[in-house]
Amino acid sequence: MLEISDLRKRFAGGPEAPEGKVALDGISFTVRPGEMYGFVGANGAGKTTTMRIVMGVLQADSGEVRWQGRPLGYDDRKRFGYMPEERGLYQKMKVAEQIEYFGRLQGLGTGEAKKAAADLIERLGLGERRNDAVQALSLGNQQRVQLAVALVHDPAVLVLDEPFSGLDPIAVDALAAVLQERCRGGVPVIFSSHQLELVERLCDSVGIVSAGRMVATGTVSELRAAESGTLRVVVRDATPGWADGLPGTVTIEGDRHILATTGADDQEILRRAMKAGHVEYFGAEQPSLTEIFKEAVA
Ligand SMILES: Nc1ncnc2c1ncn2[C@@H]1O[C@H](COP(=O)(O)OP(=O)(O)OP(=O)(O)O)[C@@H](O)[C@H]1O
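Description of the structure in this document. (Residues numbered from 1 in each chain as written. Predicted model: local features only at pLDDT ≥ 70, side-chain atom pairs only at ≥ 80, totals over all residues.)

1. Here's the deal with the overall build of the chain
Looking only at helices and strands, the chain features 10 helices and 14 strands. With the principal axes as the frame, the chain shows a C-alpha extent of 75 × 50 × 40 Å. Out of the 298 residues in the chain, the part that is buried amounts to 35%. (Helix = DSSP H or I, 4+ residues; strand = E, 2+ residues; numbered from the N terminus. Buried ≥ 20, exposed ≤ 12 C-beta atoms within 10 Å, placed from the backbone.)

The structure is reproduced here in structure tokens:
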């Protein structure tokens, strides 16, 4: 289990902000073996800073990262797979050669590195590019190589900074399948993303960070349960003004009135809707992760 406890980090000030910048103001969360954890937040919220501290690239002012119950050390981190925000590949090295090279750097034997690289090249759809230099690849394909490099040594934990950004839908599915497979094998996976539908689809748990603080964390259903859903009512041929005084908004599409409301007396609304016209739809809709996110960071 990876435990991140009360991380705090202030960056020293420069000429533009002499007072410095509090990037992390007490970030805590836990990622269990086999859990896919989506780390979301607005630009500048503190996701990259947190992941850098987990990987030992940056030091926290205070707080702790523990792995398997012990403070995380250098040897543990060597077994982690990391995709940093600043991508780093040898531009002139060929794709297969590069992935194998990083595999060997991470301690794989030559045969193992070749096998792992060949597998990832196949899985991530890089087969036709295997002998191309990285600099000749599109950005999305470079991203696939970067991911292969993070995955090649069969890491014990995966920490990925926006791994899905810039990938086409086919590559998104291919990467998602690889990560799900690693997760099923017991690996905790943390990834940051602004693609909330993807996070909702893939992740067991989500952490929403805002201005250096964790404002919500839990499974998507736990986060949903904390929010009241939206009641949606569609009434055909409704008497104009039937929803006057009710909370929420009414939109009119042709001969249909659509009321969307939260926290209202649903039975009262149903009675009024039935009196007003023909009720075509009446139902509570669960908030999406995007709605939960907007509410949490508001
Ligand atoms: N080296 C640094 N020096 C000064 N301030 C920094 C440094 N690195 C990050 N920050 C500041 O810390 C805050 C958190 O940045 P961070 O990169 O962690 O955010 P993020 O959530 O990853 O954002 P994004 O979604 O845009 O990648 C920001 O206000 C950023 O400007």
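2. Some thoughts on unusual backbone geometry
The phi torsion of most residues other than glycine is negative, and most of the peptide bonds are trans. Phi at D6 is positive, roughly 50°, even though this residue is not glycine. Structurally, D6 is set in strand β1 (residues 2–11). With phi around 45°, A211 is a residue other than glycine that occupies positive phi space. Residue position: A211 is located in the loop between β9 (205–210) and β10 (213–219).

3. Thoughts on the sheet that holds strand β5 (residues 70–71)
Pairing in this open sheet of 4 strands is antiparallel, and the strands run β2-β1-β4-β5 from one edge to the other. In this open sheet, the two strands that pair with only one neighbour each are β2 (21–31) and β5. Strand direction decides the pairing type here: strand β4 (residues 62–67) and β5, joined by 2 bridges, are antiparallel. Counterpart to W67 in the pairing with β5 is R70. Strands β1, β2 and β4 of the sheet are contacted by helix α1 (residues 47–54), whose axis makes an angle of about 115° with β1. (Pairing = 2+ DSSP bridges. Contact = placed C-beta atoms within 7 Å. Axes fitted to C-alpha atoms, helices over the stretch in contact; angles between N-to-C directions.)

4. Thoughts on the site of the ligand
What surrounds the ligand is the set F11, K21, A23, G41, N43, G44, A45, G46, K47, T48 and T49. Contributing elements (two or more residues each) for the shell around the ligand: β2 and α1. It is α1 that provides the largest number of residues to the shell around the ligand, a total of 3 residues. (Near = placed C-beta within 6 Å.)

5. What to know about the nonpolar core
One broad trend across soluble globular proteins is that nonpolar side chains are buried collectively. Among the nonpolar cores identified, the biggest contains 67 residues, and I99, A117, L120, I121, A148, V152 and V189 are the most heavily contacted of them. No other element matches the 6 residues that helix α5 (residues 139–151) contributes to this core. Summarising the domain contributions, this core has at least three residues from each of domain 1 (2–224) and domain 2 (227–297). In contact with I121, not counting residues within four places along its chain, are V95, A96, I99, L126, G127, R130 and A148. By size, the runner-up hydrophobic cluster in this structure holds 8 residues, among which are A238, A243, A273 and A276. (Core = buried A, V, L, I, M, F, W, Y, C linked by C-beta atoms within 7 Å. Domains from an automatic or database assignment.)

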